[in-house]
Structure formats: C-alpha cells, structure tokens
Amino acid sequence: MDPGSFSSSISSNKTQSRIPLQEHIIPKHPLSRQYGDRFIPERSAMDLDMAHYLLMEARKEKENKVVGSPSKEAYRKQLAETLRMNRTRILAFKSKPPSPVESIFQEAYSDNIPLHQTKFSKSNRYISQSAERTLDAPEIVDDYYLNLLDWSSSNILAITLGNTVYLWDASDGSTTELVTVDEENGPVTSVSWAPDGQYIAVGLNSSEVQLWDSTANRKLRTLQGGHRSRVGSLCWNNHILTTGGMDALIINNDVRIRSHIVETYRGHEQEVCGLKWSGSGQQLASGGNDNLLHIWDRSMASSNSPTQWLHRLEDHTAAVKALAWCPFQSNLLASGGGTGDRSIKFWNTHTGACLNSVDTGSQVCSLLWSKNERELLSSHGFTQNQLTLWKYPSMVKITELTGHTSRVLFMAQSPDGCTVASAARDETLRFWNVFGTPEVVPTKSMAKTATAAWPFANLNHIR
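So, a few notes on the structure that sits alongside this text. (Residues numbered from 1 in each chain as written. Predicted model: local features only at pLDDT ≥ 70, side-chain atom pairs only at ≥ 80, totals over all residues. Heavy atoms only, no water.)

1. Thoughts on the sheet that holds strand E11 (residues 240–245)
Here is step 1 of the chain: Judged by pairing direction, the sheet is antiparallel, and its four strands sit side by side in the order E10-E11-E12-E13 without closing on themselves. Of all the strands in the sheet, the pair left with one neighbour each is strand E10 (231–237) and strand E13 (261–266). Mean inter-strand twist for the sheet, computed between neighbouring axes without regard to direction, equals 20 degrees.
Here is step 2 of the chain: Bridge count for E10 against E11 is six bridges, and the pairing is antiparallel. Counted as the bridge partner of Val231 is Gly245 from E11. (Pairing = 2+ DSSP bridges. Helix = DSSP H or I, 4+ residues; strand = E, 2+ residues; numbered from the N terminus. Axes fitted to C-alpha atoms, helices over the stretch in contact; angles between N-to-C directions.)

2. Side note on the nonpolar core
Here is step 1 of the chain: In terms of nonpolar packing, the biggest core is built from 23 residues, with Leu149, Leu157, Ile159, Leu429 and Phe431 touching the most fellow members.
Here is step 2 of the chain: Elements with a contribution of two residues or more to this core: strand E2 (149–151), strand E3 (156–161), strand E4 (164–169), strand E26 (408–413), strand E27 (419–424) and strand E28 (428–433).
Here is step 3 of the chain: When sequence neighbours within four positions are dropped, the list of residues in contact with Leu149 reads Leu157, Ala158, Ile159, Val191, Phe410, Met411, Ala412, Ala421, Ala423 and Leu429.
Here is step 4 of the chain: Ranked by size, the runner-up nonpolar core spans 15 residues in total, among them Ala322, Val358, Val364 and Trp369. (Core = buried A, V, L, I, M, F, W, Y, C linked by side-chain atoms within 4.5 Å. Buried < 20%, exposed > 50% of the residue type's maximum accessible area, 1.4 Å probe, protein only. Contact = heavy atoms within 4.5 Å.)

3. Quick look at the pattern of salt bridges
Here is step 1 of the chain: In the structure shown here, the tally under the stated rule is 12 salt bridges.
Here is step 2 of the chain: Its salt-bridge partner being Asp254, residue Arg256 comes within 2.9 Å of it at the nearest N-O pair.
Here is step 3 of the chain: Note on Arg256: relative accessible area 26%, which makes it partly exposed.
Here is step 4 of the chain: By sharing partners, the salt bridges in this structure join Asp142, Arg407 and Arg425 into a single network. (Salt bridge = Lys/Arg side-chain N within 4 Å of Asp/Glu carboxyl O.)

4. Side note on the side chain of Arg230
Here is step 1 of the chain: Checked against the element boundaries, Arg230 lands in the loop between strand E9 (218–223) and E10.
Here is step 2 of the chain: Take Arg230: its relative accessible area is 11%, and that puts it in the buried class.
Here is step 3 of the chain: For Arg230, the side chain forms a polar contact with the side chain of Asp143, separated by 3.0 Å. (Polar contact = N/O pair within 3.5 Å; in protein donor to acceptor, adjacent residues only side chain to side chain.)

5. Structural notes on the packing of aromatic side chains
Here is step 1 of the chain: Scanning the entire structure with this criterion turns up 10 aromatic pairs.
Here is step 2 of the chain: An angle of 80 degrees between the planes, with centres 5.2 Å apart, marks the rings of Trp369 and Tyr392 as edge-to-face. One end of the pair, Trp369, is in strand E22 (residues 364–369); the other, Tyr392, is in the loop between strand E24 (387–391) and strand E25 (396–401), and 23 residues separate them in sequence. Residue Trp369 shares its accessibility class with Tyr392, and that shared class is buried.
Here is step 3 of the chain: Put simply, the rings of Phe328, Phe346, Trp369 and Tyr392 touch in pairs and so form one group of aromatic residues. (Phe/Tyr/Trp six-rings, centres within 6.5 Å; stacked < 30°, edge-to-face > 60°.)

The structure is reproduced here in structure tokens:
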C-alpha cells in the first residue's frame, strides 16, 4: 500500500468513528491504568523542613562517632522533642481553600455600583475551568467569516457540519438531522433561529437562504435573488430576516410576503461577516472583512434607494465579525477585531463614540454578554484558543477557560443565559457553565408559551 492510500484510509476510519454530537472521549495514556490511583502529595501541605530533619538525623548519629559535650547533647534532645511534639505530620492532606471574601466596598465601588445593589451570592461564584460536556463536531468548516452555531429560545442548539445542519436538544441530549444540502448549494454557511424558537434560517454557499420548520422538519420556502454569493451572516428582527453576503450587501427580507426584499443596505466593500440587531430592533450593527463597522437605523431604511448608515466606524484594523449588544444599556455595543487587530472596542451607538478599547492579545472570534451580570465573554484564536470572561466596565479578567486546541470560532448562549456552547476548529463542541445559575430556570414549555409565532402564521399563504 502506498503512503497516500494509507493516510487516506486512516482519515476515513477517523471520520467514520466520530459520530456528530456524540460525547467526545479523550484517550488515556497507557500508564494511566497502572498508576491511575497513585497518591500524588500536595507539596504546599508538606513540612519539608521536618521531613529533612527526620531523614538526616539517624545518618548524622552514625557519622558523628565523637560524642559531644553533655550540654550540647541535652540541647539536641530537647530540640528533637519540641519538633516532634509540635509537628507530628510530615505529609498532610489539605482540602481546597475557601474562596476569598471580597470587601463589600471593593465590590461596590469597583464598577460604580451602589452599595445596596451589591450581590453577595454571585460575586464569589465558582466558575469551573473545564467544560461541563464535550461533543464531537467532525467536518465543521474552519472559516472565520461564517456563523455556524445558534441556540434557540426552545433550548435547541443548531450546528452546521459540512453540508448538514444538526439539531441537538439540550433538554435530553438527543440529536436530529434537519437538512443536508447537495454539493452544488453547499456547504451551509450560516444558521440563525427565529425568536419563536421553532423556525430556523439556513444560509448557503450558493447565495440562497432556506427557511425551515424544525418541529415538522419541513422546508417552508427559499429566499433567492438578493445575493450573488454565499450568505455568511444572518440575524432576525421579528419577522424581518437580515442577511449579509460575500457580495458586501445587507438585505432585509420580510418572510411573510412573496416579494421578500424590503430594504438593501450598501456600505461595506467586502464580505459582511457579522450582523446583530439591537434589543429594541431599531439599530443594526454590521461588521465586514473590510475592517469596517456600520450602525444602521431602521427609521432611515428605504426600499426605493440604498439606505445611508447612521455611523461608519473605521477604528478596527482587521475584519470585524464579533458583535454583541449590551443587555443592560441599549446604546452600548461591543465589537471584536481579527488577527491584525486583536481588540475589543465599546461604542456609544447614539453618538458613534468609541468608549474603550482593550487589546486581548489574540484574534477575537465571538462575543457574548451575560444576561445576569455585568460581564462579557470573548472567544479567541492563536495562541491560547481560550474563552476569556471580563468584568465590565473595568475589563479586568475574571477567568480564562482553556480546553480547545484550535481557534474558538463560534459561541452560543443558552436560553437561561448561564451555559455557553463553543465550537472550534478542533472539531469539538464544548459546554461551559460560565455565567452561573439563574434564580428561575425557564423550561422548554415556558419558552414556547412566552414567544408568539405570529410572524410565521401566514407563511403557508404567501401574498
């Protein structure tokens, strides 16, 4: 067998052995079975001085043939008895030290939060440094400019692996295959759940966008004619699906009507790789491979002529993909730059002013705000491929989560806002309990009841 065919057979076996969204098993070292239960002492809990004294005492007695003076001998015996009485243990087990209790004044004044609003229960919460769960994600496309992961309000995680969109139910861990597109249209380049948690948009390399009913596993319609190349970014604003393409166009599509293109935003010069609507649905942030960040206002939108941006921000020096609107301040936007930029910037979108810029030291792939705390989570590429949790507005690092061996391209947040899923080039999907536990965890049925499906009520009767 020639070397090429041998390597291909290995690759084939590796692919066949990895089932999408199954528990990722980390191979153990061969010696781990033999020495898996060995005791590894904790050096910080040892009394090394006492151990050295007891080990060397007998040897010194043998080597010192000459007997010293009676006073010296009495002193030596008294010293030995004192040491043995006060320090009886050489090796000691030591439990995990308690978390440090911060001063209430430090917590209150560090972020300009009034004293009466300080939360003692969450200020010292424990954040696990390892992922709660790791799933295999073979054939995930290694492309910084795509958006291949999204978590619905009904607790279903959608992830794209090659030409297939898989749905993973977080409530029971079951996996279903939504759609596999053919080679002519694939691969899938973006996925985005509608606010109701039932309908999902799928962007394709062929420039088309498909709308699917995840409950019935049925395609509702295909949006076409707007873009001329792949659709790498998607974002919902009620019944409006906003799409961003490699053709530098941003299009608002009203999914209720036959002529779905209602507005077109032109301002980017290269591929649009980041799209996020504000919580009010009034402002849209868009980032591109041209290093530009645009803020668009819905009130300025026009179907007759290209819409003018509200702000054109040119501070980043690399592609702008990571975008996140602050949940507790409506006009605050965080943006992250690529390898040549490495910064997280904060913007007042009413004035267009840059409020702060932080050099993270590595490529910023995605950003997520905490829904419960004044915290921001970022995922990164080379060199550490880590997730970093920041305290806002001080931007002090709270913790760094490592485990991925390649750049962490995508992140998605659970409906309760506590768990974060991260997908990386290393073909793993990891779940982190990073934002803590909420006081009330919404169930799947509660999420469905709380959100209305009216934007799609007439989808089968397109005008």
